[in-house]
Amino acid sequence: NKLWGGGEPMAMCYGGHQFGNWAGQLGDGRAMSLGEVINSKGERWELQLKGAGPTPYSRTADGRAVLRSSVREYLCSEAMYHLGVPTTRALSLVLTGDEVIRDMFYDGNAKPEPGAVVCRVAPSFIRFGNFELPASRGDEETLLKLLDYTLQRDFPAISAKFSGADAYVELLKEVCRTTALMTAHWMRVGYVHGVMNTDNMSILGLTIDYGPYGWVDNYDPEWTPNTTDGMRGRYKFGNQPGVSFWNLVRLANALYPAVKDVEPLQEALVEFEKAMTDNMSDMHRQKLGLAEWRGEEDEKLYAELCKCMEKQETDMTILFRKLGDLAVKEGGVDEGGMLDVLQDAFYKPLKESTEAEWKSWLSKYAKRVKEDDVSDAERRQAMNKANPKYVLRNFIAQQAIDAAADAGDFSLVQEVLEVMRRPYDEQSKEMEAKYFIKRPDWARTKPGCSALSCSS
């Protein structure tokens, strides 16, 4: 590999809590930053290779990445960006020509796979774990240097107004707000990160490290795509807001040696709960197509819908998209007719008791929608901006991976990428038939479609 002139490649050293336990020193085991560039808009971008070879923190690993995981990161980071979710970006995906040995499910069945390198970009790749490590070592000098550097580079508005402990507290408040916004977006689109360790949490509130992630097909707050987390379910879909807060508490603990006062850190953490509540309420309002949010009344309506979806095995993405098609004001209240519009979202035929529950909810929903001074067409247009039609379901990503890895055919990767660049738009009938569909039965148990490991 030739070094880029003017660049200063590096791998970062950090620690982290993994699955709730302190793991000590970790670091970039297969990622290395080439340097930073500032574009014509004055934006700072750090360029980082993932899978280019060993680093000082690779330990006994080879620092390489396989095509399978690289395609997943390349497609998902771009899909998330176009969904409006804060994320790192993927600049390129390149085959290395080498074979890399990987045991996909840690079951002793290692095999060679095509090697690849992703170049990902972000304003910063600093993580919560970068602050945890010096704090855990009692290295206050390094902690303060890192805090001041982070404030100066990534939070200039804070560093211009505050200094010392006050600046560190303001930093925590801002990280609480951006982390809440990111997590709320995950919940809005049905994304499950899968491995929310503190070393995988961005200080900028960006989705980072696309490993054993997944997309909720049938709505299930208990679901996790990560086989490593299958028994405990720590990082399951419904737990993500709570885990984000738990991770922020770990960050607050790491900042304590610099602040030297518990109370302002505790007060800063309150920002997360406030921001999470506000963001989730607004996103629920948008997903239901309501003109305003009436607090507890509308939250109850949303919660009842979630119970119906969970009980019936309902596709979350299709359900919310179809919900926008209901003709409530123009067609009157016809629960049976409205239920027919939603049929494509159900994985199994409705039972009589379940059908009654759905009709009851639809009656309440229609009544609530009628109270807004918004036409059906206006409501549909607004809902379609909040409820994507296309998301990177696991089986879609896996089909693209199989074509690329087995046949060297990247046309499906490119096709999926193009579809995911317009997730809220109506696209061709051909693309709709391929990508606006429920998870097929064959994908329920297929590796890569139903569950993944941290090597994925």
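None of these values were measured; they are calculated from a predicted model.

K.L.:
Mind showing me how you'd approach the overall build of the protein here?
P.N.:
In terms of helices and strands, the protein carries 15 helices and 8 strands. In summary, the protein has a C-alpha radius of gyration of 23 Å against a globular reference of 23 Å for 456 residues, a match within 12%. Dimensions of the protein, computed from the C-alpha atoms along their principal axes, are close to 65 × 55 × 45 Å. Burial analysis of the protein (456 residues in total) assigns 55% to the buried set. Taking the contacts inside the protein whose residues are at least 6 apart along the sequence as the reference set, 70% of them involve residues at least 24 apart. Total accessible area computed for the protein in this model is approximately 19600 Å², and 51% of it derives from carbon and sulfur atoms. Across the protein, the 56 positively charged side chains and the 68 negatively charged ones have centroids separated by 2 Å.

K.L.:
Which parts of the structure should I look at to understand the environment of Val189?
P.N.:
Residue placement: Val189 occurs in helix H5 (residues 164-189). In this structure Val189 comes out as buried when scored by relative accessible area, which is 3%. The spatial distance from the C-alpha of Val189 to the C-alpha of Ile396 is 16 Å, given a sequence separation of 207 residues.

K.L.:
Explanation requested: the sheet that holds strand S5 (residues 89-102) in the structure shown.
P.N.:
To summarise the sheet geometry, strands pair through backbone hydrogen bonds and adopt either a parallel or an antiparallel arrangement. The antiparallel open sheet is built from 4 strands, whose spatial order is S3-S4-S6-S5. One side of each edge strand has no neighbouring strand; the edge strands of this open sheet are strand S3 (31-38) and S5. The average angle at which neighbouring strand axes cross in this sheet is 15°, direction not considered. Running over the sheet, helix H1 (residues 67-83) touches strand S4 (44-50), S5 and strand S6 (111-122) and is turned about 165° from S5.

K.L.:
Would you mind going over the nonpolar core with me for this structure?
P.N.:
The nonpolar side chains of soluble globular proteins are, as a tendency, buried together. With 120 residues, the main nonpolar core has Phe131, Trp215, Leu288, Leu323, Trp358 and Leu392 as its most contacted residues. Tallying contributions element by element places H5 first for this core, with 13 residues. The contact partners of Leu323, leaving out residues within four places of it in the chain, are Lys287, Leu288, Leu305, Leu342, Trp361, Tyr365, Arg379 and Met383. Residues Met32, Leu47, Leu49 and Ala52 belong to the second largest nonpolar core, which totals 8 residues.

K.L.:
How do you make sense of the pattern of salt bridges when you look at a structure like this?
P.N.:
A pair can form between side chains of opposite charge whenever their charged atoms are brought close. By the definition in use, this model includes 46 salt bridges. Arg153 is the salt-bridge partner of Glu46, the closest N and O atoms lying 3.7 Å from each other. Of this pair, Glu46 sits in strand S4 while Arg153 sits in helix H3 (residues 140-154), and the two are 107 residues apart along the sequence. A salt bridge links Glu140 to Lys260; the nearest nitrogen and oxygen atoms lie 3.2 Å apart. One end of the pair, Glu140, is in helix H3; the other, Lys260, is in the loop between helix H6 (240-259) and helix H7 (262-288), with 120 residues separating them in the sequence. A single network of salt bridges, built from pairs that share partners, joins Asp217, Glu313, Asp315, Lys348, Arg393, Arg439, Asp441 and Arg444.

K.L.:
How do you make sense of the side chain of Asp229 when you look at a structure like this?
P.N.:
Examined against the element boundaries, Asp229 turns out to sit in the loop between strand S8 (214-215) and H6. Buried and unpaired, Asp229 has Arg232 as its nearest opposite-charge partner, separated by 5.3 Å. Within the local environment of Asp229, its side chain forms a polar contact with the backbone nitrogen of Tyr235, the two atoms lying 2.7 Å apart. Contacts of Asp229, omitting those with residues within four sequence positions, involve Phe19, Thr224, Arg234, Tyr235 and Lys236.

K.L.:
For this particular structure, what's the right way to read helix H14 (residues 411-420)?
P.N.:
Side chains that are three or four residues apart share a direction in an α-helix, a result of its 3.6 residues per turn. Those residues of H14 lying buried are Leu412, Val413, Val416, Leu417, Val419 and Met420. All buried residues of H14 fall inside an arc of 165° around its axis, so they share one side. Check the buried side of H14 and you find it contacts H1, helix H13 (394-407) and helix H15 (429-435).

K.L.:
How do you make sense of the environment of Gly20 when you look at a structure like this?
P.N.:
Along the chain, the position of Gly20 falls in the loop between strand S1 (15-18) and strand S2 (21-25). Sequence spacing of Gly20 and Phe346 is 326 residues, and the spatial spacing of their C-alpha atoms is 35 Å. Beyond its immediate stretch of four places on either side in the chain, Gly20 contacts Arg234, Tyr235 and Trp246.

K.L.:
Would you explain H3 in this entry?
P.N.:
Its 15 residues place the ends of H3 21 Å apart at the C-alpha level, agreeing with the 21 Å of an ideal helix rising 1.5 Å per residue. For H3, every residue scored as buried is listed here: Leu143, Leu146, Leu147, Thr150, Leu151, Arg153 and Asp154. Buried positions along H3 lie against S3, S4, helix H2 (128-136), helix H4 (156-161), H5 and H6.

K.L.:
Explanation requested: the packing of H1 against H14 in the structure shown.
P.N.:
In a packed pair of helices, the relevant descriptors are the angle between the two axes and the axis-to-axis distance. Axis separation between H1 and H14 bottoms out at 9 Å; the angle between their running directions is 15°. Overall, the two elements H1 and H14 adopt an arrangement that is roughly parallel. Note on packing geometry: the crossing formed by H1 with H14 is right-handed. Residues Val71, Tyr74, Leu75, Glu78, Ala79 and His82 of H1 pack against Val413, Val416, Leu417 and Met420 of H14.

K.L.:
I'm lost on unusual backbone geometry in this one. Help?
P.N.:
Peptide bonds are mostly trans, and most non-glycine residues show a negative phi. Positive phi outside glycine occurs at Phe19, with the angle close to 55°. Using a relative accessible area of 16% as the deciding quantity, one classes Phe19 as buried. With a phi close to 65°, Lys260 is a non-glycine residue in the positive phi region.

Parameters at a glance
- Residues numbered from 1 in each chain as written.
- Predicted model: local features only at pLDDT ≥ 70, side-chain atom pairs only at ≥ 80, totals over all residues.
- Heavy atoms only, no water.
- Helix = DSSP H or I, 4+ residues; strand = E, 2+ residues; numbered from the N terminus.
- Rg over C-alpha atoms; globule rule 2.2 N^0.38 Å.
- Buried < 20%, exposed > 50% of the residue type's maximum accessible area, 1.4 Å probe, protein only.
- Contact = heavy atoms within 4.5 Å.
- Areas by Shrake-Rupley, 256 points an atom, 1.4 Å probe, with all protein chains shown as cover.
- Lys, Arg positive; Asp, Glu negative; His and termini not counted.
- Charge placed at Lys NZ, Arg CZ, Asp CG, Glu CD.
- Pairing = 2+ DSSP bridges.
- Axes fitted to C-alpha atoms, helices over the stretch in contact; angles between N-to-C directions.
- Core = buried A, V, L, I, M, F, W, Y, C linked by side-chain atoms within 4.5 Å.
- Salt bridge = Lys/Arg side-chain N within 4 Å of Asp/Glu carboxyl O.
- Polar contact = N/O pair within 3.5 Å; in protein donor to acceptor, adjacent residues only side chain to side chain.
- Arc of directions from axis to C-beta.
- Expected span 1.5 Å × (residues − 1).
- Parallel < 35°, antiparallel > 145°, perpendicular 65-115°, else oblique.
- Left-handed = near helix turned anticlockwise from the far one by under 90°.

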